[in-house]
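# Structural overview
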Amino acid sequence: MPEQSFADALNEQISNEFAASQQYVGAAVYYDAETLPRLAAFFYRQALEEREHAMMMIRYLLDVGEEVRIPDIKSQQTSYGDGSAPVKMALEQEKRVSDEIFALFELARATKDYRAEQFLTWFVKEQVEEVALMGDLLNVVERSKENLLLAEDYIAREKLGEEGDDPTAPPTAGEE
Ligand SMILES: [Fe+2]
Ligand SMILES: [Fe+2]
């Protein structure tokens, strides 16, 4: 049997999702201070999404009668060497979160926790989208290195990261 219970592992992931949310606020603040409002808005939105992921996990633990732990807040980076560094950080973070979700999936399988496996399916799909999104944005900011206003135009034109409601998304804690 694996050493860690699924509930413990998911509580750790709640902490990771909140940390990702804070990290994206840090990136948004950096762009906001640089007067790059579209890049700032993009990361403020991503921050809300990560918070929502944490709230979905909280809802799930409540629904299956497990204990929920709310993590401490760690400070996050708000200064970067150049305009593409926050996006590089974001792509690395999304890849890392994908690995974390896969590890949770494996734990659910190993413990024959079918509810957990079903719950995680949406996150597997979500991570494919998020890694692809950050990869696209990294291409654009690297190409616009001399003039990030080009990246700003791209984000506005393509409505990057502005997706509508996903009816397949798990419910969040606090949702009406
Ligand atoms: Fe997430
Ligand atoms: Fe994410």
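Residues numbered from 1 in each chain as written. Chains lettered and ligands numbered in written order. Predicted model: local features only at pLDDT ≥ 70, side-chain atom pairs only at ≥ 80, totals over all residues. Heavy atoms only, no water.

Donor atoms from the polypeptide that bind the iron ion (ligand 2) are E50 (OE), E94 (OE), E94 (OE) and E130 (OE), placed at 1.7 to 2.5 Å. Coordination at the iron ion (ligand 2) is irregular, judged from the four donor atoms that bind it and the angles of 54 to 140° they form at the metal. Spacing between the donor residues of the iron ion (ligand 2) along the chain follows E-x43-E-x35-E. A separation of 3.5 Å is found between the iron ion (ligand 2) and the iron ion (ligand 1), which are bridged by E50. Here E94 is found in helix α3 (residues 85–110), whereas its partner E130 is found in helix α4 (residues 114–143), with 36 residues between them in sequence. Just as E94 is buried, E130 falls in that class too. (Donors = N, O, S within 2.8 Å, 3.2 Å for Na, K, Ca; no water. Tetrahedral: all angles 85-135°; square planar, octahedral: opposite > 155°, others 65-115°. Helix = DSSP H or I, 4+ residues; strand = E, 2+ residues; numbered from the N terminus. Buried < 20%, exposed > 50% of the residue type's maximum accessible area, 1.4 Å probe, protein only.)

Moving on, we get to the coordination of the iron ion (ligand 1). Distances from the iron ion (ligand 1) to its protein donors, E17 (OE), E50 (OE) and H53 (ND1), fall within 2.1 Å. Every donor residue of the iron ion (ligand 1) comes from the same chain, spaced as E-x32-E-x2-H.

Using the criterion set out here, one finds nine aromatic pairs in the structure. Plain terms: the ring middles of Y60 and F119 are 4.3 Å apart, the flat faces sit at 20° to each other, and that makes the pair stacked. Taken as a pair, Y60 in helix α2 (residues 37–63) and F119 in helix α4 lie far apart in primary sequence, 59 residues in all. Three or more aromatic residues link up through ring pairs in this structure, and these residues are Y24, Y30, Y31, F42, F43 and Y80. (Phe/Tyr/Trp six-rings, centres within 6.5 Å; stacked < 30°, edge-to-face > 60°.)

So, about the packing of α2 against helix α5 (residues 149–158). In the contact formed by α2 and α5, the axes pass within 8 Å of each other and the chain directions differ by 55°. In terms of axis orientation, α2 runs oblique to α5. Listed contacts from α5 to P37, R38 and L39 of α2 are E152, I155 and A156. The residue inventory of the contact of α2 with α5, partitioned by class, reads four nonpolar, no polar and two charged. (Axes fitted to C-alpha atoms, helices over the stretch in contact; angles between N-to-C directions. Parallel < 35°, antiparallel > 145°, perpendicular 65-115°, else oblique. Contact = heavy atoms within 4.5 Å. Nonpolar A, V, L, I, M, F, W, Y, C, P; charged D, E, K, R; others polar.)

Further remarks concern the confidence of the model for the protein. Scored by pLDDT, the protein comes out at a mean of 95, with 99% of its residues at no less than 70. Mean pLDDT across the elements of the protein bottoms out in α5 (95) and peaks in α2 (98). (pLDDT = per-residue confidence, 0-100.)

Of all hydrophobic cores here, the largest spans 26 residues; its most connected members are Y31, F43, L137 and V141. Mapped by element, the contributors of at least two residues to this core are α1 (6–33), α2, α3, α4 and α5. The dominant element in this core, judged by the number of residues it contributes, is α4, at six residues. Those residues in contact with L137, other than ones at most four positions away along the chain, are L39, F42, F43, V87, I155 and L160. (Core = buried A, V, L, I, M, F, W, Y, C linked by side-chain atoms within 4.5 Å.)

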